[in-house]
Amino acid sequence: MDNLLERIITLVEKGTIEQRCAALLVLAALKVDNAAVVKLVGTLLDNPNPVLKDYALRYFEAVQSSKNIAQLLKMLNDPDKEMQERAIRSLISSGQSAVQPLLQGIGESARPWQLNAARVLSTVRGKAAMKGLLQLLADGTDDGNRVICDLMTPALREMDAKEQDSFYDEVETFAAKLDVKQQRPAVVSAMRLLGQLGRPQARRWLFKFVGAEHHPAVRAHALVGLLRCLRDQDIRKDEYAKLFPLLEETEFNEVTRLTLDLLDAHELPDDSRALLSKLMQSAHSDVQKFALRKMGDVGTPATVRTLVEQLGDPDYRKRDVAASSLRKIPEARTALLKELIACEDASKAWSIAELLPAFEGKWRQDILDSLWKRLQKAIDDEDRIQTAFLHVLRKADAEFAYTQLAGHGAKLVKAKKYKEAVGFLMPLKDFPEFKPENKFHLASAQLRLHAHTVASHKNHPAVELLTDLYRNSAYPVFDTLKKDKSLAPDDLFALGFSLVERAGQERGLGIDLLEHVAEKFPRNKIGKNAKNKLKLAVSRQS
């Protein structure tokens, strides 16, 4: 056997390419593992012939031995990426025995070799491997350290609590020795690792780097780390004192955004009202919205006034934030009602109108009366703010709102102020019950406003309302129209003409109206026209 092995080794050394490859396959199949063979095959890894290198690497892949590790390490820097990948897989298969050789080679190797070593160490894991990765981070670059931290993330997630505690101690010790000016990439990496570990005790070190004197990347990563480390923790008073000035900086950037995220996730101290008022003067809308959000937690009369003012802001996002904060303050209802009654801005009035139903409370009669006066004036002025007052009154006391609108509309019809009457009677259509007499008042006002168009406009609103009354109620439509002295014969004729052209029950109402005009004014032109129209209608029906 020894003689045969020597002959195979001789072929590896001196044979043709084909013989050497075959010999390497035999050595791999026999799993020959001795120092002389390993050294010999290792020399082939440096051979310029790619085929020989391939078969040499196959031998090391087949013979998993600690003796092979030194030979595989040099492949981590091979020009051929595929050869690198195969060497990495083989080293990973070697487990913990690969860790120490890798650590010994880190200091003198090029960065690509180090990154491949990091892939092995982060997969093999273990205390020594993780400590070695920290060593790699100490002198690394931004891009390289980012890759190494990403490689370490799965390992951190799979650690149990005891392993994480141990590694936290290592990272904390590592971080404490770093010089932020000379080793910024390493400081940022330490922040990333501390954030992933999420230990609240990291807060003290992280808070050192949030100030404006540090590089923006360092500040941002410190804040990200704090977001994770303080997830279920209270922020201390001295820590708030370090965070609040970040919101007052001139430029809105990643630091500002992260500070807002951190403060948004925590309750502010009780004495922060003055600060929130100050933040409302910020040039950055996101800072203003943060202040508005937090004002809902403070709930003082001053903050309520500020929030109510913001309901009229042109930016709908600020209006929405202010409304959300006001919902948290039950006492805000009084201020909102007072503001609504005095409000002249339709957009702001609508914001208040939509907000008020969220509050519990009785509606005093003096408040209802004040809202009615505002609604009455808005309808008279044809001001679009009327929809806000109507919305509030309907929600507060629908019966009161209906009665006021119907009563005032009826008075205006009686006073022959038809245009004004329509403004008060039209909203009644949106109430659950539109009473027949009020429906008639509205139809009557519309008829008088546009009587000359009734005969030529099949979808005239007055015709539609009277048709609905005639079909679906017991209201005496014909008798009421006949007795209405304010309707001229021409008005009745035009309405009858329009209705008789229809095919439904309302055609009967049209015939009754035409007959009434023909009988009452037999010698006038309008009476004759009504009589002729009746003849045509009867002949068409037959």
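Heads up: the structure comes first, above all this text.
Cut-offs applied
- Residues numbered from 1 in each chain as written.
- Predicted model: local features only at pLDDT ≥ 70, side-chain atom pairs only at ≥ 80, totals over all residues.
- Heavy atoms only, no water.
- Helix = DSSP H or I, 4+ residues; strand = E, 2+ residues; numbered from the N terminus.
- Rg over C-alpha atoms; globule rule 2.2 N^0.38 Å.
- Buried < 20%, exposed > 50% of the residue type's maximum accessible area, 1.4 Å probe, protein only.
- Contact = heavy atoms within 4.5 Å.
- Lys, Arg positive; Asp, Glu negative; His and termini not counted.
- Charge placed at Lys NZ, Arg CZ, Asp CG, Glu CD.
- Expected span 1.5 Å × (residues − 1).
- Phe/Tyr/Trp six-rings, centres within 6.5 Å; stacked < 30°, edge-to-face > 60°.
- Lys NZ or Arg CZ within 6 Å of the ring centre and 35° of its normal.
- Salt bridge = Lys/Arg side-chain N within 4 Å of Asp/Glu carboxyl O.
- Axes fitted to C-alpha atoms, helices over the stretch in contact; angles between N-to-C directions.
- Parallel < 35°, antiparallel > 145°, perpendicular 65-115°, else oblique.
- Nonpolar A, V, L, I, M, F, W, Y, C, P; charged D, E, K, R; others polar.

Caption draft 1: Here's a closer look at the overall build of the protein chain. A count of helical and extended segments in the protein chain gives 32 helices and zero strands. For a compact globule of 542 residues, the expected C-alpha radius of gyration is about 24 Å, and the protein chain comes in at 44 Å, more than 25% above that figure. Principal-axis analysis of the C-alpha atoms places the extent of the protein chain at approximately 145 × 70 × 35 Å. Residues classed as buried in the protein chain amount to 49% of the 542 residues present. In the protein chain, the proportion of contacts linking residues at least 24 apart, taken out of those at least 6 apart, comes to 61%. Of the side-chain charges in the protein chain, 81 are positive and 74 negative, and the distance between the mean point of each set is 6 Å.

Caption draft 2: Fine view of helix H8 (residues 111-124). The terminal C-alpha atoms of H8 lie 20 Å apart, and with 14 residues this matches the ideal 20 Å at 1.5 Å per residue to within 8%. When we look at burial in H8, the residues that qualify are Trp113, Gln114, Asn116, Ala117, Ala118, Val120, Leu121, Ser122 and Val124. Where H8 is buried, its residues contact helix H5 (69-73), helix H6 (81-94), helix H7 (99-106), helix H9 (127-138) and helix H10 (142-158). Of the residues flanking the end of H8, it is Arg125, one or two places downstream, whose phi is positive at about 65°.

Caption draft 3: Layout of the packing of aromatic side chains. Using the criterion set out here, one finds seven aromatic pairs in the structure. Summarising the aromatic geometry, the rings of Phe440 and Tyr475 are spaced 5.5 Å apart at their centres and angled 35° between planes, so their arrangement reads as tilted. Placement of Phe440 in helix H27 (residues 436-449) and of Tyr475 in the loop between helix H28 (461-472) and helix H29 (477-483) is noted, with a sequence separation of 35 residues between them. For Tyr475, a relative accessible area of 22% puts it in the partly exposed group. Ring centres of Phe493 and Phe497 lie 5.9 Å apart, and the angle between their planes is 55°; this geometry places the pair in the tilted category. Linking Phe493 with Phe497, this pair stays in helix H30 (residues 489-500), spanning four residues, or about one helical turn. Given a relative accessible area of 16%, Phe493 falls into the buried group. Here Arg394 stacks its cationic end above the ring of Phe431, 4.8 Å away from the centre of that ring. Over the face of the ring belonging to Phe497 we find Lys533, whose NZ or CZ atom lies 4.2 Å from the ring centre.

Caption draft 4: Looking closely at the pattern of salt bridges. According to the stated counting rule, one finds 34 salt bridges in the structure shown. Residue Lys53 is joined to Asp78 by a salt bridge in which the shortest nitrogen-to-oxygen separation is 2.7 Å. With Lys53 in helix H4 (residues 50-62) and Asp78 in the loop between H5 and H6, this pair connects stretches of sequence that are 25 residues apart. Using a relative accessible area of 6% as the deciding quantity, one classes Asp78 as buried. A salt bridge links Arg317 to Asp315, with the nearest nitrogen and oxygen atoms 3.2 Å apart. Each member of the salt-bridge network shares a partner with another, and the members are Asp54, Arg58, Glu61 and Arg86.

Caption draft 5: Spotlight on the side chain of Gln446. Mapping Gln446 onto the fold places it in helix H27. The contacts of Gln446, once residues within four sequence positions are left out, are Val422, Met426, His460, Pro461, Ala462 and Leu465.

Caption draft 6: How the structure looks around the environment of Leu102. Along the chain, Leu102 falls in helix H7. Under the relative-accessibility criterion, Leu102 is labelled buried at 0%. Separated by 32 residues in the primary sequence, Leu102 and Ala70 have C-alpha atoms spaced 8.9 Å apart. Apart from residues no more than four positions distant in its own chain, Leu102 is found in contact with Leu73, Leu76, Trp113, Ala117, Val120 and Leu121.

Caption draft 7: Representation of the packing of H28 against helix H31 (residues 506-520). Look at H28 against H31: their axes get within 9 Å of each other, and the N-to-C directions meet at 110°. As far as their axial angle goes, H31 and H28 are roughly perpendicular. Here Thr467, Tyr470 and Arg471 of H28 lie close against H31, whose contacting residues are Glu506, Gly508, Leu509 and Asp512. For the contact of H28 with H31, a count of residues per class yields two nonpolar, two polar and three charged.

Structural measurements only, silent on function.
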